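Examining the three-dimensional arrangement
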Amino acid sequence: MIIQEHFPLKKHNTFHFDIYADYFSAPQNEEEIIEVLSNVRFKALPLFVLGAGSNVLFKSDFKGLVVKPNIQVINIIDENTHSIWVEAGAGVDWDSFVAWSVEKGYFGIENLSLIPGNVGASPVQNIGAYGVEIMDVITQVNGIYLDTLEPFSFKNRECKFSYRNSIFKNTLKGKTIITSVQFLLHKQGELKTDYRGVKEELEKLGEVNLSNVRKAVINIRESKLPDPEAAGNAGSFFKNPVVEKQIADKLLSAYPNAPYYKVDDQYTKIPAGWMIEQSGWKGKAMGNAAVHDKQALVLINKTGEANGNEILALAAEIQKSVKDKFGIDIEKEVNVV
Ligand code: EPU
């Protein structure tokens, strides 16, 4: 088991901040995870479990141990004529898993194409896009408690999923390491093409089928979201706020063309990207940090020289503008460390 010292995290965070971890380890299986976590040398130090670093903002160097589970297996657990149960290791690249699934003809995660990150992090924030959330297809999440090093297996319901949220971000924040995730996929399925823009993109591609839904989602994402290699970013920086219907109605009477999603009879979700754009921030820079010019929900490391505090300073200004203009608080979606 290799543990590296003064390890550069530049390639392990998609903002590409030039920062270091005192110690870094990438265990390849459960035994190696337990080995590194039980090492007395690190017991007293802060510990951070890292995935692909695509939803994290490091404010500075990490004075402790970063563990990046690198379990790289995809196993079929069970199947029948209609369905298939698949387990993927925490270290599997999410989009490679989606590509694998689409190639095999398994339905369920095609709308989640091209989301950066690893399988192990996907349940933590219940990744979602284009009308699908990962909670729709997860059957079980397996991992290890960091304090006792005992294993756990949570069924879907026990993960307490909601919009960009789960038990792993709440009661169990910082207390577990996810080792693998089980999914229920289908051999025949209904394609979800209702999300704005998906149908239009599919029409350009011709036939409506599984692989074209993946292609359509990839095309839309590539047209709106910055490539982290070109400009460091962590996808949506804020969550879309869910507000009471009265607040949404007031906003919609002032801005009849505002986009919104009805959550239920009581709550409405308002796209934060729209509010940020309306507040004049789209494409604006502040020092080395900027608001992406095609999707205002994404903050970028514009010059490649930004640090976490510059991005956070920009985020705070944006939150203030949105609050002043709309009276609505927008919450960060990225994990600040
Ligand atoms: N909008 C604007 N200006 C902008 C951005 C958006 O007016 O600068 C408007 C759009 O025109 C649209 C609405 O806001 O009417 C929603 O925009 P979009 O479909 O691009 O999605 P989003 O709500 O901004 C969410 C997810 C994304 C996901 C997309 C597609 C969150 C926090 N973000 O963004 O997820 O890809 O929907 O489903 O829920 C991520 O989590 O990192 C992420 C990229």
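The following paragraphs examine the structure supplied in this document. Please read all numbers here as calculations on a predicted model, not as lab measurements. (Residues numbered from 1 in each chain as written. Predicted model: local features only at pLDDT ≥ 70, side-chain atom pairs only at ≥ 80, totals over all residues. Heavy atoms only, no water.)

1. Side note on unusual backbone geometry
For tyrosine 130, which is not glycine, the phi torsion reads 50 degrees and is therefore positive. Positionally, tyrosine 130 belongs in the loop between β8 (128–129) and β9 (132–133). Unlike most non-glycine residues, lysine 160 shows phi in positive territory, near 50 degrees. Mapped onto the secondary structure, lysine 160 falls in the loop between β11 (151–155) and β12 (176–186). (Helix = DSSP H or I, 4+ residues; strand = E, 2+ residues; numbered from the N terminus.)

2. Notes on the sheet that holds strand β14 (residues 242–244)
Ordered in space as β14-β16-β15, the three strands form an open sheet in which the pairing is antiparallel. Where the open sheet ends on each side, the last strands, each with one partner, are β14 and β15 (261–262). Bridging between β14 and strand β16 (residues 267–269) involves three bridges; their strand directions are antiparallel. Looking at the pairing, glutamate 244 lines up with tyrosine 267 of β16. Contacting β14 and β16, helix α5 (residues 245–254) runs over the sheet at an angle of about 95 degrees to β14. (Pairing = 2+ DSSP bridges. Contact = heavy atoms within 4.5 Å. Axes fitted to C-alpha atoms, helices over the stretch in contact; angles between N-to-C directions.)

3. A closer look at the sheet that holds strand β18 (residues 289–291)
Spatial strand order, β13-β19-β18-β17: four strands in an open sheet with antiparallel pairing. Looking at strand neighbours, the two that pair on one side only are β13 (232–236) and β17 (285–286), the edges of this open sheet. Where β18 and strand β19 (residues 298–301) come together, three bridges link them in antiparallel fashion. Along β19, the bridge assignment pairs valine 291 with leucine 299.

4. Digging into the nonpolar core
Grouped together as the largest cluster of nonpolar side chains are 44 residues, with contacts concentrated most on Phe237, Phe238, Met275, Ile276, Leu299 and Ile318. Of all the secondary-structure elements, those providing two or more residues to this core are β2 (20–25), β4 (56–57), β5 (62–67), α5, α6 (272–278), β18 and α7 (308–326). The biggest single contributor to this core is α7, with seven residues. Residue assignment places this core across two domains, with domain 1 (4–67) and domain 3 (232–336) each supplying three or more. Within the second largest apolar cluster, 41 residues are counted, among which are Val132, Leu172, Val181 and Phe183. (Core = buried A, V, L, I, M, F, W, Y, C linked by side-chain atoms within 4.5 Å. Buried < 20%, exposed > 50% of the residue type's maximum accessible area, 1.4 Å probe, protein only. Domains from an automatic or database assignment.)

5. Notes on the pairing of β2
Relative to β2, strand β1 (residues 4–8) runs antiparallel, the two sharing four bridges. Pairing of phenylalanine 7 across the sheet is with alanine 21, part of β2. Across four bridges, the pairing between β2 and β5 is parallel. Each residue of the ladder has a partner; that of alanine 21, found in β5, is phenylalanine 62.

6. Digging into the environment of asparagine 307
Mapped onto the secondary structure, asparagine 307 falls in the loop between β19 and α7. For asparagine 307, a relative accessible area of 37% corresponds to the partly exposed category. Between the alpha carbons of asparagine 307 and phenylalanine 58 there is a distance of 8.3 Å; along the sequence they are 249 residues apart. A distance of 2.9 Å separates a polar side-chain atom of asparagine 307 from the backbone nitrogen of glutamate 310. (Polar contact = N/O pair within 3.5 Å; in protein donor to acceptor, adjacent residues only side chain to side chain.)

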